[in-house]
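Survey of secondary and tertiary structure
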Amino acid sequence: MKLTDFEKRMLDGQFGKALAESLHYIVQFGEAFDAERLVDIQYCHYPAEMAIYEGSIEELQAFAADHSHVVVPTTSSTLCADMQYPEKTGIPERLAQKQSLTCSAHQKLGIQPTYTCTPQLNGAIPAFGSPIASVESSAIIFFNSMLGARTNRGGLFTKFSAVTGKYPKMGYLLEENRAGQHHFQVKDFPANSTEDSLWWSALGFVIGSSVGSEVPVITDMPIAPIERWITLGAAMATSGSVSLFHAVEHTPEAYTLAMAFKGKTPQTSKTIDKQMLVTAIEQMTNLLPNEKIDFICLGCPHYSLEQLRIISNRLQGKKVDPDVRFWICTSRMIRSMAQTAGYVQVLEEAGAKVIADTCPVESHMRISTCQEYHLPLPQIRALVTDSFKMARYTKDLIGCKVGLTTTEKAIQSALEGRYLVW
Amino acid sequence: MVKEYLGKGVVKGCVTAEVVSIPHSFSFLGDVEMNLGTLLTGENKGVSIKNKILLFSESKGSSGGCVVLLTLVKKQLAPAGIVTIKMPDYNLVEGAILSNIPFLANVSPTIFETVRTGSQATLSIHRDGFFDSFVLH
């Protein structure tokens, strides 16, 4: 790999052993994929070492001790508890104490304490064309597709990028790899879908299952709020490992169909109709209509201020069924705005909890975490959500039955304590 | 009969072990039980991936998969090698580099016609210009 003089000096240890080691991993990574050189990244979404992963916190502390600070604007991904109000998620104290060590290490490194899967809603908006390094599959696909920033599916190496400012020029950082490969024409997308996440989540799940890791191009989509596009991407990155999609007339690299495919011919062309989305919802759901439920979770990915406003409006003066836990997940930055706006108070008076920094799947409710820390199992029997991502992971990791429905019906399900189908 | 499959070596290393064959996409988050190293889903449900060569078509799902792989390494429950049909997921390769797990990608999908869960195979990846391969015994 061709390195600049500055990079060679860093690799030789002239800026310290820790930076040399971090850059060494980046170079090794680039060589594995035959990258020709490194690029300067403009932003990093950093892995939030979670207390539920063995040794993860200790590694972070050692890394923070060895490195002085990050060199690009850096936000942090989710934790395993609401660290502003740990009692809200019911996390055992020793796990919360361990997780809090992440916060001090991140502060030392100069990482913004966002602890979210939607950093873009916290103001992290990398410019079109800029190389970045990001974890969180739903954020990665958003940055690539909706903003036209350049990132691959980052993991633990994003921390090496944050301190060195470097990433190999490969994958979606190369223009030629950003061409669409598969064409999906969307037919009969439900008319009211722009107001509700479910159909977007279903569409994303169906497309992700079909393309795996390749680049889909979607046509005939309606104009819709940004939150719907976040939902669509999150689902594609759940059933597949899609990191980039183009939606003609909606995303910045696809004003036209020809532009989305960069002049190449689509490998496949498919039509997706409403029935295919209904089938996907039915296949993921294993709750029966009207079956009693004990958990509702909205906010996967983490909600925006507008989504919290809409739900608070809907729950104003209402009461959630006393047998139902109702979580609405968001980031602490958005929750703080929602507190200022008065939405949090309305939601909590109705009996819902506005949870920040985490979600059920990332929390101590994961069965493997309960077993490892000798905690009682979460005793969740039936969960209702509007998100395929939440449904897919809770099923196996928390071990509960799940029911997918529209956001509106999920709220109504919370009030009635039973699963209302879409 | 010895059968050889060539591919692109991504992470160096050599290992001989039993294979766990998953003829579709796979996610370390959600498809593996973290305390036991066993598969949670699909036709291999309950099968351990510990010290096995894990063969699957491609990665899917959360970018937390890389962290799950490293956690399995710490618990000594990780696979001994990884083979994929498609070009590998960047996220997963990061985990494989950090834990020195040999990784072979771009192998012909016909591998699923002969290689089954329980088959014995050798993975040899040198990345030195010679052929990197998966050899079924």
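Please read these numbers as outputs of a predicted model, since none were measured by experiment. (Residues numbered from 1 in each chain as written. Chains lettered and ligands numbered in written order. Predicted model: local features only at pLDDT ≥ 70, side-chain atom pairs only at ≥ 80, totals over all residues.)

1. Side note on the overall build of chain A
The secondary structure content of chain A amounts to 16 helices and 14 strands. The C-alpha radius of gyration of chain A comes to 22 Å, within 12% of the 22 Å expected for a compact globule of 422 residues. Taking the principal axes of its C-alpha atoms as reference, chain A extends roughly 65 × 55 × 40 Å. Put simply, of all contacts in chain A between residues at least 6 apart along the chain, 76% involve residues at least 24 apart. (Helix = DSSP H or I, 4+ residues; strand = E, 2+ residues; numbered from the N terminus. Rg over C-alpha atoms; globule rule 2.2 N^0.38 Å. Contact = placed C-beta atoms within 7 Å.)

2. Description of the environment of P216(A)
Residues and elements named next belong to chain A. Tracing the backbone shows P216 in strand β7 (residues 216–219). Take P216: there are 26 C-beta atoms within 10 Å of it, and that puts it in the buried class. Placed 48 residues apart in sequence, P216 and K264 show a C-alpha to C-alpha distance of 13 Å. Contacts of P216, omitting those with residues within four sequence positions, involve G180, H182, F184, I207, V211, V242 and F245. (Buried ≥ 20, exposed ≤ 12 C-beta atoms within 10 Å, placed from the backbone.)

3. Structural notes on helix α3 (residues 90–98) of chain B
All names here are of chain B. Among the 9 residues of α3, 8 are classified as buried, and the element is accordingly described as predominantly covered. Residues of α3 that are buried: Y90, N91, L92, V93, E94, G95, A96 and L98. Note on α3: the residue one or two positions beyond its end, N100, has a positive phi of about 55°.

4. Quick notes on the sheet that holds strand β1 (residues 3–11) of chain B
Residues and elements named next belong to chain B. With mixed pairing, 7 strands are arranged side by side around a closed barrel as β1-β7-β6-β5-β2-β8-β9. With strand direction ignored, the average angle separating the axes of adjacent strands in the sheet is 35°. Relative to strand β8 (residues 120–125), strand β2 (residues 13–22) runs antiparallel, the two sharing 6 bridges. Residue pairing across strands places C14 opposite S124, the latter belonging to β8. Across the face of the sheet, α3 comes into contact with β1, β6 (81–84) and β7 (103–105) while running at roughly 90° to β1. (Pairing = 2+ DSSP bridges. Axes fitted to C-alpha atoms, helices over the stretch in contact; angles between N-to-C directions.)

5. Observations regarding the nonpolar core
Counting residues in hydrophobic clusters, the biggest one holds 180 residues, and the most contacted among them are A202(A), L203(A), I328(A), L347(A) and L55(B). Broken down by element, this core gets its largest block of residues, 9 residues, from helix α7 (residues 198–211) of chain A. Beyond its immediate sequence surroundings of up to four residues, L203(A) is in contact with V186(A), L232(A), I272(A) and L277(A). (Core = buried A, V, L, I, M, F, W, Y, C linked by C-beta atoms within 7 Å.)

6. Describing the pairing of β7(A)
Residue and element names in this part refer to chain A. Summarising the sheet, strand β6 (residues 182–186) and β7 pair through 4 bridges and their orientation is parallel. Paired with H183 across the strands is V217, a residue of β7. Bridge analysis of β7 against strand β8 (residues 246–247) gives 2 bridges, and the strand direction is parallel. From the neighbouring strand, V217 faces β8, where its bridge partner is H246. The parallel pair β7 and β8 is bridged by helix α8 (residues 226–239), and the resulting crossover is right-handed. (Right-handed = clockwise from strand over helix to strand, strands pointing away.)

7. A word on the pairing of β8(B)
Here β8(B) pairs with strand β9 (residues 132–136) of chain B via 4 bridges, running antiparallel. Note that in β9(B) the partner of A121(B) across the bridge is L136(B).

8. Describing the interface of chain B and chain A
Across the boundary between the two partners, chain B contributes 30 residues, which contact 33 residues of chain A. Mapped onto the side of chain B that touches chain A, the elements with two or more residues apiece are β1, α2 (65–74) and α3 of chain B.

Such coordinate-based values are descriptive only and should not be taken to indicate function.
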